[in-house]
Each structure stands twice: as structure tokens, then as C-alpha cells.
Amino acid sequence: MAGEIRKPLVIGKSMKPRCFKNMNIASLPVTWKSNKKAWMTAEIMEQWSQYFNADMRSQFRNILLFLDNATCHPYIELSNVKIQMLPPKTTSVSQPMDQGVIYTFKSYYRKCMLQSLVCKIDSSTSVHQLAPVITVLDAVNWISLSCKSLKNECVQNCFRKAGFLIDGSDVNPNENALTEIQDIFAALDFDQEQFLHIDDQLETQQTHDSAISMVENESEKDEDNDENQYEEPENMVKDYKTSICYLEELQKFSHTLSNSELLDLISRAKECVERDALQNKKQKSITDY
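Every value quoted in this text rests on a predicted model; they were computed, and no experiment measured them. (Residues numbered from 1 in each chain as written. Predicted model: local features only at pLDDT ≥ 70, side-chain atom pairs only at ≥ 80, totals over all residues. Heavy atoms only, no water.)

Student: Would you take a moment to explain the overall build of the chain for this structure?
Tutor: Broken down by element type, the chain carries eleven helices and four strands. In the chain, buried positions account for 35% of the 289 residues. Across the chain, contacts joining residues at least 24 apart in sequence account for 62% of those joining residues at least 6 apart. (Helix = DSSP H or I, 4+ residues; strand = E, 2+ residues; numbered from the N terminus. Buried < 20%, exposed > 50% of the residue type's maximum accessible area, 1.4 Å probe, protein only. Contact = heavy atoms within 4.5 Å.)

Student: What is the right way to look at the pattern of salt bridges in this model?
Tutor: Opposite charge on two side chains permits pairing when their charged atoms draw close. Taken as a whole and assessed by the stated rule, the structure comprises six salt bridges. The residue D264 makes a salt bridge to R268 at a minimum N-O spacing of 3.0 Å. Taken together, the positions of D264 and R268, both in helix α11 (residues 260–283) and four residues apart, correspond to about one turn of that helix. Taking relative accessible area as the criterion, D264 reaches 40% and is therefore assigned partly exposed. For K270, the salt bridge is made with E274, and the minimal N-O distance between the two is 2.7 Å. Of the two residues, K270 and E274 are both situated in helix α11; the distance of four residues between them amounts to about one turn of the helix. The exposure class assigned to K270 is buried, which follows from its relative accessible area of 13%. (Salt bridge = Lys/Arg side-chain N within 4 Å of Asp/Glu carboxyl O.)

Student: Explain the environment of K241 to me, please; I cannot follow it from the model alone.
Tutor: Along the chain, K241 falls in helix α10 (residues 240–257). For K241, a relative accessible area of 66% corresponds to the exposed category. Residues K241 and V273 lie 32 residues apart in sequence; the distance between their C-alpha atoms is 9.5 Å.

Student: Looking at this structure, how should I read the packing of aromatic side chains?
Tutor: Summed over the entire model, instances satisfying the criterion amount to six aromatic pairs. Aromatic side chains F66 and F164 sit 4.7 Å apart centroid to centroid with 75° between the ring planes, which places their arrangement in the edge-to-face category. One end of the pair, F66, is in strand β3 (residues 63–67); the other, F164, is in the loop between α6 (152–161) and α7 (182–188), with 98 residues separating them in the sequence. Residue class for F66 comes out partly exposed when judged on its relative accessible area of 28%. Overall, the relative accessible area of 28% leaves F164 in the partly exposed class. Consider the rings of Y109 and W142, whose centres lie 5.9 Å apart with planes at 75°: the pair is edge-to-face. In this pair, Y109 sits in helix α3 (residues 101–120) while W142 sits in helix α5 (residues 136–149), placing the two residues 33 residues apart along the sequence. For the pair Y109 and W142, a shared accessibility class is recorded, and that class is buried. Among the aromatic residues, those joined into a ring-pair cluster are F66, F159 and F164. When the ring centre of W39 is taken as reference, the NZ or CZ atom of K37 above it lies at 5.8 Å. (Phe/Tyr/Trp six-rings, centres within 6.5 Å; stacked < 30°, edge-to-face > 60°. Lys NZ or Arg CZ within 6 Å of the ring centre and 35° of its normal.)

Student: Honestly, the nonpolar core in this entry has me stumped. Any pointers?
Tutor: The nonpolar side chains of a soluble globular protein tend to be buried, and buried together. In this structure, F20, L28, V30, W32, V136, V140 and I143 are the most contacted members of the largest nonpolar core, which totals 18 residues. Of all the secondary structure elements, the ones that give two or more residues to this core are α3 and α5. Top element by residues in this core is α5. It accounts for seven residues. Each residue touching V30, except ones within four places of it in the same chain, is listed here: K7, P8, V10, V140, I143 and S144. Counting 15 residues, the second largest nonpolar core, distinct from the first, contains M40, I44, M45 and L67. (Core = buried A, V, L, I, M, F, W, Y, C linked by side-chain atoms within 4.5 Å.)

Okay, structure coming up:
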């Protein structure tokens, strides 16, 4: 078992939130879907399953997909993906994601969120001013980064803990993802566990009753469901030249910090933008000038 992490599926309330303005949704680091409640539905799950199956077929792979018995998880016949439902009422012990993957993911995500908020505290005069600075785009980027931070070994160990793998290896599913933010928690006097589990009871999936309600309200305008009800600031970077200038300034700043890791990251980002700019120029014909 490789313990692969796939591109995350994120469900919001708006088809295109304001913070996605001028962006190609297909280029997001997540697969974006939306509905009135921001819930997983049978329709979205079936779409994702078909996409997943097509991906497996293109790789000449046949896999077994374990799902719990949630209403939003329909059983469908696929060519390269066989769906196997877990026994009812056993999710807490038989679902590998519940054995540490979700906890570890939340640890990384909360770390990203806290770091961002703490860095913006000085520029805010109140909690009300600070709260709206988190956008759906921020959440999308943090989700992607958190998924990439998950180690394959974490997924493998969670499958072991759920009894899927019996190979004599030690079972230690939880990565020490909280280590990096313990100082932040201490400074803010937060309870780590309470903070990580604050949304455990949040409804995230469609039920039989909710499906009827969602159909009845389907005619409502999508704009009413925008998660960000405040005006987004104008994008300051609109071309390659400006972005390269900003990255050069960040390079200089990282030198003043003597932070080699930050300098390397920014330098690679600058090189990537320059390469993309050059490629963009090559694609233009001589008549464009």
C-alpha cells in the first residue's frame, strides 16, 4: 500500500466565491464543488467516483474503494473501482481516516490558519476586523498544503490500526503535527485538543431529510451563498513584470532575515514565474508585437 494522497475535493456554498474573481477554478489546487449547504451529496460523490474511476482506468489500475454507509455514498458499478461498504456503525474503528488521518490533517490546517491570523493581529483593531481576512481561497490553499504535508506513512499506519494491514509493523498513526504550533497555542492560551476538535459535530453530508430540503431551495440564486460577503481588495499583481518585482523584494527581505529556507523557496518561485513568462512570450506570434 502506497498511502497516496489524492487531490482534495472541497465543497463550498457558492459556485464562484468573490475571492475566486479572475481565477480559473480548474486551476485551483483542489476540486471545487458547491451547493446550498456546502455538504457532500450523492450527486457530487457519484461525479467524483466517475472521475476517480476514469483516472484509475487511464493508469491501468484496479482498486478497492472502502466507504462508510453515509446517505451521500451511493453504490455504483465502475470498471476499475470496486466499492466496498464498511459494516454499519463501525466507522470509529474500521474507517482508516478516523484512525488519525483526519486528526493529522486538521493539525496542519489549524497551524496554517493560526499562523496567518497571528501575523495579521497587529494590523487589526478588533476581532470583527480580523475575522473576515480569512477567505475561501485561504482555506483552499491551506487544505492543499495540509494534504501535501501528510506523509504516506501516516495513511499506511491508519490502515494498519483499522486492521487492513497486518504486517507486524508498529502502529503509530498520528504524526507529531502539533509540535510546530505548540508555542502558538501556549502564547494564545488555547487548548490544543479542543481547538482541533471544535468542528467535529458540524454537519457535512446529505441525509434523506436534507436532500428534500435542498431540492426545494434549488431555485435560489447562487450569489446569495457567497461565503465572503465583503468586497475583495483589488489584485495588486496583474502581470509577470509586477510579480517578478515583488519576488525580488521578497528575496532581499529573506536575505535580511538570514533565512536560507525562505530564500530558497522565494528564489524557486521567482525562477518558476520567469520560466512561465518566457514560455508565454514564446507562444505569442510575431504579429502580437
